[in-house]
Amino acid sequence: MLSRAQAFTVAGGAALYGGCALVGWWLTRHGAHLHLGSAFPLGGHYRLHLTGWLLPAVALAAAVLRWGPGLAQRLSWPRMLGAAYATALGWAGTLALVAGPAAIAHPLTTQYEYLHDVRRVSAMGLGTYLRTFTWYIVDSGHGPLWTTHVSGHPPLATLVFVLLFRAGLTSSNWAAGLVIVVGATAAPSVLGTLRTAGGEEIARRAAPYVATAPAALWLATSADALFTGVAAAGLFALAAGGRWRAALGGLLLGACLFLSYGLALLAPLAVAAVAVRRPRIRDAASRLTIAALGVAAVVGAFAVAGFWWSDGLVLVRERVVLGGAWQERPTGYFVFSNLATLAVSAGPATLAALPFAVRRWRSPVTWLPGAALVAVAAAIASNLSKGETERIYLPFAVWLPSLAGLLPDGRRYWLAAQLGLGLLIAATTQLDW
């Protein structure tokens with residue numbers, strides 16, 4: 001039975017979303033430019049996709065609802081993680097397929113995306129690319145600027161796609177496949193961390209929710225899905241314990257700094273990941289130090305190659321705040337719309353689990369989702385992330401559905417709501433990311 005607290009959190013999330021939709025409509029009618037299309041607060045346009053391509057997603061949703069919770073309990077732990085990964089991969093892929101096969105790779109092929117500059121980078125050489133990367137973020141007289149996403153991120157994000165191109169995998173389908181395959185690994189990473197934090201039973205209960213969260217709508221296809229998979233793996237390595245895992249976690253989180261400047265906000269999640277095993281202070285400090293050395297090694301390697309992270313950040317901030325879209329977007333609106341779309345990414349089951357999470361705030365199960373919310377709050381306060389929450393918050397949003405493991409057993413209607421929301425958006429909206 002739905003408790004009063006659950007009704008309040010779910011209804012509150014729905015009211016926040018509905019309110020942002022109405023206010024967004026009113027603002028656009030009065031001359032404001034939200035740069036979100038027509039589906040605000042989501043970035044995209046309303047468009048029905050009631051074709052046969054919807055059937056694979058419906059079939060997978062029905063299968064997960066019928067067998068998912070039972071299999072999550074019965075399978076061995078390694079097989080359960082494999083099933084969660086396959087489900088996350090299939091859910092992201094089939095939701096993207098709703099708009100037709102071409103829609104899967106299409107988001108990566110626009111003039112604003114990384115692939116736009118791949119040939120240019122490959123032709124100039126990787127060494128020159130890294131040494132001169134900051135020349136083309138803002139106008140400095142050196143030549144044409146990088147396209148939007150290349151200039152708005154550190155060089156590693158583009159470098160990944162350049163390496164694909166140089167390996168002969170030149171089609172955008174290979175790039176799309178890479179980001180989806182890596183992005184889906186966030187599901188087993190989150191579940192492995194949850195098992196460390198709260199025990200296997202909670203992780204098993206959370207598995208269907210983590211694998212089918214509406215965030216999958218933006219895993220396929222956005223380069224931020226790639227960032228999400230790398231970040232989740234790094235945090236899982238930190239949570240798993242041991243010095244070599246801490247070193248691996250540090251290297252992966254260091255790589256995240258060069259995938260997206262915003263992933264510096266993974267710092268509170270890294271602390272939470274180390275803390276979930278409740279280690280002694282000396283052991284926790286040792287693992288954080290080892291991880292920090294791993295991060296420093298990545299930063300140092302890029303510095304030697306010619307790119308200094310902080311220089312790029314300063315120039316990107318200049319480009320962002322001078323951009324017409326950033327200046328035209330009303331700040332007050334996006335404070336609330338960012339939270340509304342984050343709630344959509346996490347799903348109604350996450351909202352329903354919030355009262356249980358509040359009562360168990362001392363449990364390590366809640367620490368990583370709590371740290372993710374702290375990171376999102378910091379991003380909103382910076383005012384540099386307004387209007388892009390579905391994509392850029394993926395590395396944080398994927399941790400929130402783990403709270404659904406706190407829901408009482410046997411409540412499949414929350415899983416149905418989680419699946420239904422993803423299907424509804426996929427069938428009615430053409431998302432920009």
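In the block above lies the structure referred to throughout.
Residues numbered from 1 in each chain as written. Predicted model: local features only at pLDDT ≥ 70, side-chain atom pairs only at ≥ 80, totals over all residues. Heavy atoms only, no water.

S.K.: I'm lost on the layout of surface pockets in this one. Help?
M.R.: Gaps left between atoms are located by rolling a probe of water-molecule size over the structure's atoms. Size it by volume and the second largest pocket reaches roughly 270 Å³. For the second largest pocket, the lining is made up of 17 residues, of which Tyr17, Val344, Leu421, Leu424 and Ile425 are closest to its centre. Counting only elements with at least two residues in the lining of the second largest pocket, the list comes to helix H1 (4–29), helix H19 (331–346), helix H20 (348–359) and helix H24 (412–428). Looking at the lining of the second largest pocket residue by residue, the class counts come to 13 nonpolar, four polar and no charged. (1 Å grid on protein atoms, 1.4 Å probe; cavity = no way out; pocket = protein on both sides within 12 Å on 5 of 7 lines; lining within 4 Å. Points joined across faces, edges and corners; volume = space filled by probe spheres on them. Helix = DSSP H or I, 4+ residues; strand = E, 2+ residues; numbered from the N terminus. Nonpolar A, V, L, I, M, F, W, Y, C, P; charged D, E, K, R; others polar.)

S.K.: Could you clarify how one ought to interpret unusual backbone geometry in this entry?
M.R.: Most peptide bonds adopt trans geometry, and most residues besides glycine take a negative phi value. With omega at 10°, the peptide bond leading from Phe40 into Pro41 counts as cis. Take Pro41: it is sitting in the loop between H1 and strand E1 (44–46). Backbone geometry places His35, a non-glycine residue, at a positive phi of 55°. Within the secondary structure layout, His35 lies in the loop between H1 and E1. In the Ramachandran plot, Arg278 falls in the positive-phi region, its phi being about 50° despite a non-glycine side chain. For Arg278, the location among the structural elements is in the loop between helix H15 (267–275) and helix H16 (281–305). You can call Arg278 exposed: its relative accessible area is 55%. (Buried < 20%, exposed > 50% of the residue type's maximum accessible area, 1.4 Å probe, protein only.)

S.K.: Would you mind showing me how to read the nonpolar core here?
M.R.: Grouped burial of nonpolar side chains is what soluble globular proteins tend to show. Within the largest apolar cluster, 133 residues are counted, with the highest numbers of intra-cluster contacts made by Leu191, Phe258, Leu266, Leu269, Phe396, Trp399 and Leu407. Take this core: its biggest share by element is ten residues, from helix H13 (residues 223–240). If we ignore the near neighbours within four places in the chain, the residues touching Phe258 are Pro154, Pro155, Leu156, Ala157, Val298, Val299, Phe302, Phe307 and Trp309. Within the second largest apolar cluster, eight residues are counted, among which are Cys20, Leu27, Leu34 and Phe40. (Core = buried A, V, L, I, M, F, W, Y, C linked by side-chain atoms within 4.5 Å. Contact = heavy atoms within 4.5 Å.)

S.K.: Would you mind going over the packing of H15 against helix H21 (residues 367–382) with me for this structure?
M.R.: Each packed pair of helices is defined by two parameters, the angle between the axes and the distance between the axes. Two elements in contact, H15 and H21, have axes separated by 8 Å at closest approach and are oriented at 170°. With respect to H21, the axis of H15 lies roughly antiparallel. Counted together, Pro268, Leu269, Ala272, Ala273 and Ala275 of H15 and Trp367, Leu368, Ala371, Ala372 and Ala375 of H21 form the full contact between these two elements. Of the residues in the contact of H15 with H21, the class split is ten nonpolar, no polar and no charged. (Axes fitted to C-alpha atoms, helices over the stretch in contact; angles between N-to-C directions. Parallel < 35°, antiparallel > 145°, perpendicular 65-115°, else oblique.)

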